[in-house]
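Okay, here's what each chain looks like letter by letter:
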Amino acid sequence: MSGEPDEPVKTICPYCGVGCGISVQSGDEPGDMRFLPWGDAPVNEGRVCIKGGAATEVVDHEDRLTEPLVREDGEFREASWAEAYDRVESELRRIRDEHGPDAMGFFASSKTTNEENYLLQKLARRYGTNNVDNCTRMCHASTVWALRTSLGAGAMTNSMADLRAETDVFWIQGANPGEQHPIANSQYFRQAVLDGATVIQVDPHANKTTRSFEIEDTDRHQHLQLEPGTDIPLLNVVLKTILERHEADPDAGWIDEAFVEERTKGFEDLQETLADFDKEAAAEECGVPLEAIEAAAEKYAMADNAAIFTGMGMSQHACGVDNVQNEINLALVTGNLGKPGSGVNPLRGQNNVQGTCDVGAMPNVLPGYQLVDDDEARQSVEDVWGFEVPDEPGLTNVEISHEAGESVHGLYVMGENPVMSEPDGNRVEERLEQLEFMVVQDIFMTETAEHADVVLPATSWAERGGTVTNTDRRVQRMRAVEKVHESTEHDLEMLMEVGSRLFGPEDFRFDDAEAVFEELRQVCPSYHGMTYDRLGTEGIQWPCEEPGDEGDQFLYEDSFDTEDGLGRIVGVTHQPPAETPDDEYPLVLTTARLEEHYNTGTMSRRSPTLNRQTPENFVDVHPADAERFGIEDGDTVALRSRRGEIEVEAHVTEDIKEGVVWTTPHFAAASANRLTNDVLDERAKIPEYKAAAADVSVAIEATDDDSTGAAGDD
């Protein structure tokens, strides 16, 4: 033994979708790992945010699940792997025999690899159901729907590298990259502004993104602080302004007439939709001065290259598809697609949410976004798999939760936490209790796992190998450092075991993750040209359809991936949120994430570095509302909706608009999703997290005789 430490392992940060490369150095004991910079990592060039630097802190956390658990007489007890697998196998067989295959739901995970998610959705289809989904349903399902329908692919049209180099105007709407994608914001977007680009930010909340672009001696940042749920009226003001100015001066370049004529359809529909549109009334409804919106329209339309960035502030509405469609309309009429520095670019929230969708872990598509009800596409997949795939789309994850205890009797959950992530969390818990059986694969005892019948202990991000796909379509390899707890198993191993027990090893036994990827390539056209060797340390951006392809930094250079090759322009009209303020609930509640935390907080709340920054939830309240409700900064307040109540600390700030309160979903003791509305976009089935009617008041302190605990713990 030389005593020399092992070489650091190059892998990918497990948090947001930017896809930052990091190095991990193992120590003398299993689980003793520390972060090191990866100086020439392709996306981040060695820079990381606070989450990336703290990522190793949870790998050997004391809360790690280390043995299989089975529920007996209402309590968990440790079990052998054989017993746990026997229970899972027998229950899945029983449910299918008694209720049919559609009585099971399968939840994939954006925190696991492409290979693991591919195998989970294959298991669901072999079981006989398309009831498989992932957390994109709660994040960007409406974005994927609109982009796929109108342009061809549900992903960023461009890459961060070409955007930094070529973009003149960044239109950031409903996204907060300063908080949620800090390396993309600082290294790409802010750097572009320092080099001369302009940013137009559309968001109800002043935040770290707002402050990051307040650059001394420049006026290249404009914040349109609109009312929640008024994105369509604001974009219609922008579009109407562009149409009016073009009509007044057709040669000024407000509309790219050649692009519209040659590469789009539906422009007349947009004109008809906006013919009688009242810009003044719409601007008043948005709470933004008309002249400010018109100025923003001019900056975007007159730019040589303008890029739209869209986030959950756009997608998480009952009109989410229309919100994103209007962004597509803006890009198409100005010719800002199919070239560097342009496009419509969703910023994905988790490190593999893009890949989880790419590999088919959704109820309506197979790998590569091939529709399950497309006979030809389905047949091509069946030829590789050797079994028939159901030809009708299944239920989304929110629909599965709604049906728990009704038509859905069992649930297979890999690395997801719907009790925390889905809206109306109190009802989600109640419905999960109605299931006949639930198995959960995870690294911690999550709020969802507490309701399971079998819990299987998984390895963490640092212990497994495979691939993940970042927000700009770059497929990269994650590499295992070392296994921490010998009694845990990789999610891939669990899926191979369950699949082999149910259906035989020929469909579900693979030598390793690379062998799974090799099968994935055969059924996913956009990944077909990739191999592990070709991915190397740089990765490849899809589409990469043939061996030797280098991948594409931007999409749609010559045509759109639609049936006729044309981009779809579709006029849309305003749809108010399903809940609006009234006498009982006079405020609008909106939600978002923090830089220091991540999604449901399962990992970040266990990281000392991250939890130290923001250990508890809070709510932003405008000073006028604070005075109206008798609230002072730092007070503990009760925040209520029609679905529940939480207690949080009030932050009195002008960052939020009057009449609006803002909080986060990260904290189990007081999660915003105890309050949010589960009304869905009728097409994409995404819930309306971003607008609900709410009330706030100073909490009454519990006395020794009358203790009440936070409603979030109900």
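Cut-offs applied
Residues numbered from 1 in each chain as written. Predicted model: local features only at pLDDT ≥ 70, side-chain atom pairs only at ≥ 80, totals over all residues. Heavy atoms only, no water. Helix = DSSP H or I, 4+ residues; strand = E, 2+ residues; numbered from the N terminus. Rg over C-alpha atoms; globule rule 2.2 N^0.38 Å. Buried < 20%, exposed > 50% of the residue type's maximum accessible area, 1.4 Å probe, protein only. Contact = heavy atoms within 4.5 Å. Areas by Shrake-Rupley, 256 points an atom, 1.4 Å probe, with all protein chains shown as cover. Lys, Arg positive; Asp, Glu negative; His and termini not counted. Charge placed at Lys NZ, Arg CZ, Asp CG, Glu CD. Pairing = 2+ DSSP bridges. Axes fitted to C-alpha atoms, helices over the stretch in contact; angles between N-to-C directions. Salt bridge = Lys/Arg side-chain N within 4 Å of Asp/Glu carboxyl O. Polar contact = N/O pair within 3.5 Å; in protein donor to acceptor, adjacent residues only side chain to side chain. Parallel < 35°, antiparallel > 145°, perpendicular 65-115°, else oblique. Left-handed = near helix turned anticlockwise from the far one by under 90°. Nonpolar A, V, L, I, M, F, W, Y, C, P; charged D, E, K, R; others polar. Phe/Tyr/Trp six-rings, centres within 6.5 Å; stacked < 30°, edge-to-face > 60°. Lys NZ or Arg CZ within 6 Å of the ring centre and 35° of its normal.

A. How the structure looks around the overall build of the protein. Scanning the protein from N- to C-terminus turns up 27 helices and 30 strands. For 714 residues, the compact-globule formula gives about 27 Å, and the C-alpha radius of gyration of the protein, at 25 Å, lands near that figure. Scored against the burial criterion, the 714 residues of the protein give a buried share of 65%. Of the contacts made within the protein by residues no fewer than 6 positions apart, 75% connect residues no fewer than 24 positions apart. Within the structure as shown, the protein displays about 25300 Å² of accessible surface, and the carbon and sulfur contribution to it stands at 42%. In the protein, 57 side chains carry a positive charge and 142 a negative one; their mean positions are 3 Å apart.

B. Spatial organisation of the sheet that holds strand β13 (residues 344-346). Pairing is parallel across the open sheet formed by 5 strands, whose spatial order is β10-β9-β8-β12-β13. With one partner strand each, in any of the chains shown, β10 (221-224) and β13 form the two edges of the open sheet. Across this sheet, the average inter-strand angle for adjacent strands is 20 degrees, counted without regard to direction. By the bridge criterion, 5 bridges tie strand β8 (residues 169-173) to strand β12 (residues 306-310) in an arrangement that is parallel. Considered in β12, the bridge of tryptophan 171 is made with isoleucine 308. Those strands touched by helix α10 (residues 231-248) are β8, β9 (198-202) and β10, and its axis lies near 155 degrees from that of β8.

C. Quick look at the pattern of salt bridges. Counted by the stated rule, this structure contains 44 salt bridges. Here arginine 501 makes a salt bridge to aspartate 86, at a shortest N to O gap of 2.7 Å. With arginine 501 in helix α22 (residues 491-503) and aspartate 86 in helix α2 (residues 81-99), the pair connects residues that are 415 residues apart, well separated along the chain. Here arginine 501 falls in the partly exposed class, since its relative accessible area comes to 24%. Of the residues examined, aspartate 86 reaches a relative accessible area of 42% and is grouped as partly exposed. Put simply, arginine 674 and glutamate 429 hold a salt bridge, and the shortest N to O gap is 3.0 Å. Taken as a pair, arginine 674 in the loop between β27 (660-663) and β28 (677-680) and glutamate 429 in helix α21 (residues 425-432) lie far apart in primary sequence, 245 residues in all.

D. Representation of the pairing of β27 in the model. Neither face of β27 is left uncovered, since the one carrying Val660 and Trp662 and the one carrying Val661 and Thr663 both have all their residues buried. Note: strand β23 (residues 587-591) against β27, 4 bridges, orientation parallel. Paired with leucine 589 across the two strands is valine 661, which belongs to β27. With 2 bridges connecting them, strand β24 (residues 618-621) and β27 associate as antiparallel partners. Paired with aspartate 620 across the strands is tryptophan 662, a residue of β27.

E. Broad picture of the side chain of glutamate 463. Turning to its location among the elements, glutamate 463 is positioned in the loop between β18 (454-457) and β19 (466-469). The class of glutamate 463 is buried, set by a relative accessible area of 3%. Within the local environment of glutamate 463, its side chain forms a polar contact with the side chain of serine 460, the two groups lying 2.6 Å apart. Within the structure, the side chain of glutamate 463 is placed 2.9 Å from the backbone nitrogen of valine 484, a separation counted as a polar contact. For glutamate 463, the contacting residues outside a window of four places in its chain are Val59, Arg64, Ala480, Glu482, Lys483, Val484, His485, Thr488 and His490.

F. How the structure looks around the packing of helix α5 (residues 141-150) against helix α16 (residues 320-333). Contact pair α5 / α16: the axes reach a minimum separation of 8 Å and the direction vectors enclose 45 degrees. Comparing their axes, α16 and α5 come out oblique. Crossing angle aside, the handedness with which α5 passes α16 is right-handed. Counting all contacts with α5, which are made through Ser142, Thr143, Trp145, Ala146, Leu147 and Ser150, the residues of α16 involved are Gly320, Val321, Val324, Gln325 and Ile328. The class makeup of the residues in the contact of α5 with α16 is 6 nonpolar, 5 polar and no charged.

G. Spatial organisation of the side chain of asparagine 207. Inspection of the secondary structure puts asparagine 207 in the loop between β9 and α9 (208-212). A relative accessible area of 2% places asparagine 207 in the buried class. A polar contact of 3.1 Å, which involves the side chain of asparagine 207, links it to the backbone oxygen of histidine 205.

H. Region of interest: the packing of aromatic side chains. As enumerated under the stated definition, the model contains 17 aromatic pairs in all. Relative to tyrosine 532, the ring of phenylalanine 517 lies with its centre 5.4 Å away and its plane at 55 degrees, an arrangement referred to as tilted. Taken as a pair, phenylalanine 517 in helix α24 (residues 513-523) and tyrosine 532 in helix α25 (residues 532-535) lie far apart in primary sequence, 15 residues in all. Residue classification places phenylalanine 517 among the buried positions, given a relative accessible area of 0%. The exposure class of tyrosine 532 is buried, given its relative accessible area of 5%. On the basis of an interplanar angle of 40 degrees and a centroid distance of 5.9 Å, the ring pair of phenylalanine 618 and tryptophan 662 is categorised as tilted. Highlighted residues: phenylalanine 618 in strand β24 and tryptophan 662 in strand β27, separated in sequence by 44 residues. Under the relative-accessibility criterion, tryptophan 662 is labelled buried at 5%. Put simply, the rings of Phe106, Tyr127 and Tyr412 touch in pairs and so form one group of aromatic residues. Over the face of the ring belonging to phenylalanine 560 we find arginine 263, whose NZ or CZ atom lies 4.5 Å from the ring centre. Positioned above the aromatic ring of tryptophan 542 is the side chain of arginine 473, whose terminal nitrogen or guanidinium carbon lies 5.9 Å from the ring centre.

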